[in-house]
Amino acid sequence: MNKKRVFVAGHNGMVGSAIVRQLSNDNSVEIITRSRKELDFTNQQAVLEFFQTEKIDQVYLAAAKVGGIVANSTYPADFIYENLMIQCNIIHSAHLANIQQLLFLGSSCIYPKLAEQPMKETALLTGALEETNEPYAVAKIAGIKLCESYNRQYGRDYRSVMPTNLYGPFDNFHPENSHVIPALLSRFHDAKKNGDNEVVAWGSGKPMREFLYVDDMANASIHIMNLEKVAYDISTESMLSHINVGTGIDCSIRELVETVAKVVGFTGNIKFDKTKPDGSPRKLMNVDRLKSLGWVYSTNLESGLTNAYQWYVDNQKVCRKC
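The structure contained in this document is the topic of the report that follows. These numbers were taken from a predicted model, which means no experiment stands behind them.

1. Concerning the sheet that holds strand β5 (residues 157–163)
At step 1: Pairing in this open sheet of 6 strands is parallel, and the strands run β2-β1-β3-β4-β5-β10 from one edge to the other. Looking at strand neighbours, the two that pair on one side only are β2 (29–32) and β10 (242–245), the edges of this open sheet. The average undirected angle you get between the axes of adjacent strands in this sheet is 20°.
At step 2: In the sheet, strand β4 (residues 101–105) pairs with β5 via 5 bridges, with the strands oriented parallel. Of the residues in β5, the one forming a bridge with Leu102 is Tyr158.
At step 3: Along the sheet, helix α1 (residues 14–23) makes contact with β1 (4–9), β2, β3 (58–61) and β4, crossing β1 at roughly 160°.

As structure tokens, then:
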């Protein structure tokens, strides 16, 4: 039996590695990967040559430059340039190599800062973006429109999924550039280990956020990739070619912080530094379209955080270098 050759771009990242873990259970799939040293996705010629020689059947585009509020605010040029280059090179080269199926992974930050909650796919391009990560968001919107445009002009089957805030194994635990969950897990872990009496969390604790365990995201990605084209209903006329992926449930940052403290076993005081930015007041995905396609999440927040923390504890050397 000829196996389907599936390329996972970004296989060392949190989402890419989760997709690889799940695809590895499918005997009909041959997984193709390339590390950053083996293939620079910002190099157009190198990417094109790779696709022209490897005879790929499907592409999961999970490669991206990612980071939290501090990283996005400090390196806006890096975030917009690198993400645009990665997306343009992979999507265009996949087309030139006559690859019909591709799944692009975006981000919930594509939606306006003050979008009606929960955010529907139709909210795209209806208002101003959150200032702190606007360059990254613009790049991700461009990725959606790239896929949409190749579908319209060339009849490709390039799909886009917009995940909510993700967390889990292989997350970025860098002390300055990480997202909220890995930052909190490492901060509470260090406080517990050092015997500290207090942990400071950024912001007021009032903003509402939605979180999805990364293995659930991988499962949803594979589910959407393998839907029949008719079921997926790529609505190029109404410009709704992307699908939200999340739980449809949110919590306050204060609730998140308290749950992380519980999972880690920290029993000291928690202080909120209100001089630090909160970001958007609320970010919750409307996942009605995803549910109609037969997928719902399976990992609740406390269980997912417990798994993520255990991975962090077991991989301290790796995490400290993230």
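Next comes the rest of the description.
2. Here we look at the pairing of β5
At step 1: With 7 of 7 residues buried, β5 lies mostly within the body of the structure.
At step 2: With burial as the criterion, each face of β5 is covered, one bearing Asp157, Arg159, Val161 and Pro163 and the other bearing Tyr158, Ser160 and Met162.
At step 3: For the crossover that starts at β4, traverses helix α5 (residues 134–154) and ends in the parallel β5, the hand is right-handed.
At step 4: With 4 bridges connecting them, β5 and β10 associate as parallel partners. From the neighbouring strand, Val161 faces β10, where its bridge partner is Ile243.

Conventions used here
Residues numbered from 1 in each chain as written. Predicted model: local features only at pLDDT ≥ 70, side-chain atom pairs only at ≥ 80, totals over all residues. Heavy atoms only, no water. Pairing = 2+ DSSP bridges. Helix = DSSP H or I, 4+ residues; strand = E, 2+ residues; numbered from the N terminus. Axes fitted to C-alpha atoms, helices over the stretch in contact; angles between N-to-C directions. Contact = heavy atoms within 4.5 Å. Buried < 20%, exposed > 50% of the residue type's maximum accessible area, 1.4 Å probe, protein only. Right-handed = clockwise from strand over helix to strand, strands pointing away.

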